[in-house]
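# Architecture and fold: a report
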Amino acid sequence: MVNDPVALAAEAARRILAGLTPDRPYVVLLQTGDGARAKAAGEALRAALACDQRIALAEVVREHRAPAADPDRPQQHVNVVADIVRPPPALVVRVSESGPVLYIAARLPGADPLGPPDDGWLWVMQDP
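The paragraphs below set out a description of the structure included in this document. (Residues numbered from 1 in each chain as written. Predicted model: local features only at pLDDT ≥ 70, side-chain atom pairs only at ≥ 80, totals over all residues. Heavy atoms only, no water.)

### Overview of unusual backbone geometry
Note on backbone geometry: most residues besides glycine have negative phi, and most peptide bonds are trans. Rules: Strands are runs of DSSP state E lasting at least two residues, helices are runs of H or I lasting at least four, and both sets are numbered from the N terminus onward.
With an omega of -20°, the peptide bond between Arg 86 and Pro 87 qualifies as cis. Tracing the sequence through the fold places Pro 87 in the loop between β4 (77-86) and β5 (91-98). You will see that Gln 75, though not glycine, has its phi angle at about 70°, which is positive. Within the secondary structure layout, Gln 75 lies in the loop between β3 (59-69) and β4.

As structure tokens, this is what we get:
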């Protein structure tokens, strides 16, 4: 595969779908980074996964919470915002690019699906 984000996304979709059982839904959080190739691969991967009825895509919802005391300014408060992932994912897939290299990597959600991987990546694919 040479500089083909759609082909890399198709291979990632095959890898994800190959491990699924027919009777259980599987929730995937798909994160796409900046860059034209990452966006193209992310869109292609989202479309490929959406074609399978066993896949549900998680979304990140921003929730506003009660104000909290500001430790730096006595008698002041700050607005609290939390990003919540719904439904909880079984797999987090990150599509990103660095220079000329496009990456698609998967990991378990761990303690924070939006944070770094707790136990590293399950697999990483790259192009070229």
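### Some words on helix α2 (residues 36-50)
Put simply, the rule reads: Expected span, for any helix, means 1.5 Å times one less than how many residues it has. Should any heavy atoms of two residues lie within 4.5 Å, those residues are considered in contact.
Taking 1.5 Å of rise per residue, the 15 residues of α2 would be expected to cover 21 Å, and the 21 Å separating its terminal C-alpha atoms lies within 8% of that figure. Packing partners of the buried residues in α2 comprise α1 (5-18), β1 (26-32), β2 (55-57), β5, β6 (101-107) and β7 (123-127).

### Structural notes on α1
Because an α-helix completes one turn every 3.6 residues, residues spaced three or four positions apart along the sequence face the same direction. The following threshold applies: Buried, partly exposed and exposed residues are distinguished by accessible area as a fraction of the type maximum, computed with a 1.4 Å probe on protein chains only: under 20%, between the cut-offs, and over 50%, respectively. Note: the arc covers the axis-to-C-beta directions of the helix. Any pair of nitrogen or oxygen atoms within 3.5 Å is treated as a polar contact; in protein, a donor-acceptor pairing is required on top of that, and neighbouring residues in sequence qualify only through side-chain atoms on both sides.
Between the first and last C-alpha of α1 there are 20 Å, a value that for 14 residues agrees with the 20 Å anticipated at 1.5 Å per step. Turning to α1, its buried residues number three or more, namely Pro 5, Leu 8, Ala 9, Ala 12, Ala 13 and Ile 16. Buried residues of α1, seen end-on, are gathered within an arc of 140° and therefore sit on one face of the element. Facing away from the buried surface of α1 by more than 90 degrees, the exposed residues are Arg 14 and Ala 18. Check the buried side of α1 and you find it contacts β1, α2, β2, β5, β6 and β7. For α1, the N-terminal capping position is held by Asp 4, with its side-chain oxygen 3.3 Å away from the main-chain nitrogen of Val 6.

### Focus on the side chain of Asp 70
With respect to the helices and strands, Asp 70 occurs in the loop between β3 and β4. At a separation of 3.0 Å, a polar atom in the side chain of Asp 70 contacts the main-chain amide nitrogen of Asp 72. Polar contacts involving the side chain of Asp 70 include one to the side chain of Arg 73, which spans 2.9 Å. In this structure, Asp 70 is in contact with Gln 76, His 77 and Val 78, ignoring residues within four places of it in sequence.

### Here we look at the sheet that holds β6
This is how the line gets drawn: Any two strands with at least two DSSP bridges between them are considered paired. Axes here mean lines fitted to C-alpha atoms, for a helix over just the part in contact, with angles spanning 0 to 180 degrees between N-to-C directions.
Spatially, five strands are ordered β2-β1-β5-β6-β7 in an open sheet, and the strand pairing comes out mixed. At either end of the open sheet lies a strand with only one pairing partner, and these are β2 and β7. Taking the axes of each pair of neighbouring strands and ignoring which way they run, one obtains an average angle of 25° across the sheet. Two elements, β1 and β5, share five bridges in a ladder whose sense is parallel. Its bridge partner lying in β5, Leu 29 is registered against Val 92. Sitting on the sheet, α1 is in contact with β1, β2, β5, β6 and β7, with an inclination near 160° to β7. With respect to the sheet, α2 is in contact with β1, β2, β5, β6 and β7, its orientation differing from that of β5 by roughly 155°.

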